[in-house]
Amino acid sequence: RKLMIQATPICNMNCSYCYIPEENRQQKGRISDETLTAIYEKILTSFLISKDLTILWHAGEPLMLPVSFYEQVFNDVNKYKQVGQTITQCIQSNATLINDQWCELFNAYNVYLGISVDGPKFLHDRFRRYWSGKPTHDLISKNLKLLNHYDVPYYGLCTLTNESLDYPD
């Protein structure tokens, strides 16, 4: 029912609790066309795949790749889907790179977004910072307003820490 794909390892943030090794999060590059074709040919056409499939682009920061990459992969996926199959595209993002162009893509392809945000500023900025150490909460809050302006559906993904357990609201 759900297929998770890591399009790129690079991330523009250095979250202190990230499970991906630091050296990997600084590697540029993206998943190869050959690997994507293999996914489409072998996985999407398998009888084991549900008629309602969600593809989740996750890990690293998916939006580090250009909009044109996702336009291409979304179109390619549709060429391989089975008759009667519904494929929903989701992207898990830290929301720091969202702009008008991204919002237009999300709406054009009915992409659902997962936004990594750890609650209020004092909790979020403790762990989710840029490589420079600069906090990210204010920009993410601004970009959530942009998503709302474009009516892009999204949900929050929160990493619970010992500190956040004291502030469930």
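A quick note: this is a predicted structure, and the numbers were derived from the prediction, not measured. (Residues numbered from 1 in each chain as written. Predicted model: local features only at pLDDT ≥ 70, side-chain atom pairs only at ≥ 80, totals over all residues. Heavy atoms only, no water.)

Draft legend 1. Seen up close, the side chain of Thr136. Within the element layout of this structure, Thr136 appears in the loop between helix 5 (121-127) and helix 6 (137-149). Judged by relative accessible area, which is 0%, Thr136 ranks as buried. With near-sequence residues (within four places) excluded, Thr136 lies in contact with Met13, Thr96, His124, Asp125, Arg128, Arg129 and Tyr130. (Helix = DSSP H or I, 4+ residues; strand = E, 2+ residues; numbered from the N terminus. Buried < 20%, exposed > 50% of the residue type's maximum accessible area, 1.4 Å probe, protein only. Contact = heavy atoms within 4.5 Å.)

Draft legend 2. Representation of the packing of helix 2 (residues 33-44) against helix 3 (residues 67-80) in the model. It is at 10 Å that the axes of helix 2 and helix 3 come closest, and there the two elements cross at 30°. By the angle between their axes, helix 2 is roughly parallel relative to helix 3. Crossing of helix 2 against helix 3: the hand is right-handed. Contacts between helix 2 and helix 3 involve Leu36, Thr37, Tyr40, Glu41 and Leu44 on the former and, on the latter, Phe69, Val73, Asp76, Val77 and Tyr80. Broken down by class, the residue content of the contact of helix 2 with helix 3 amounts to 7 nonpolar, 1 polar and 2 charged. (Axes fitted to C-alpha atoms, helices over the stretch in contact; angles between N-to-C directions. Parallel < 35°, antiparallel > 145°, perpendicular 65-115°, else oblique. Left-handed = near helix turned anticlockwise from the far one by under 90°. Nonpolar A, V, L, I, M, F, W, Y, C, P; charged D, E, K, R; others polar.)

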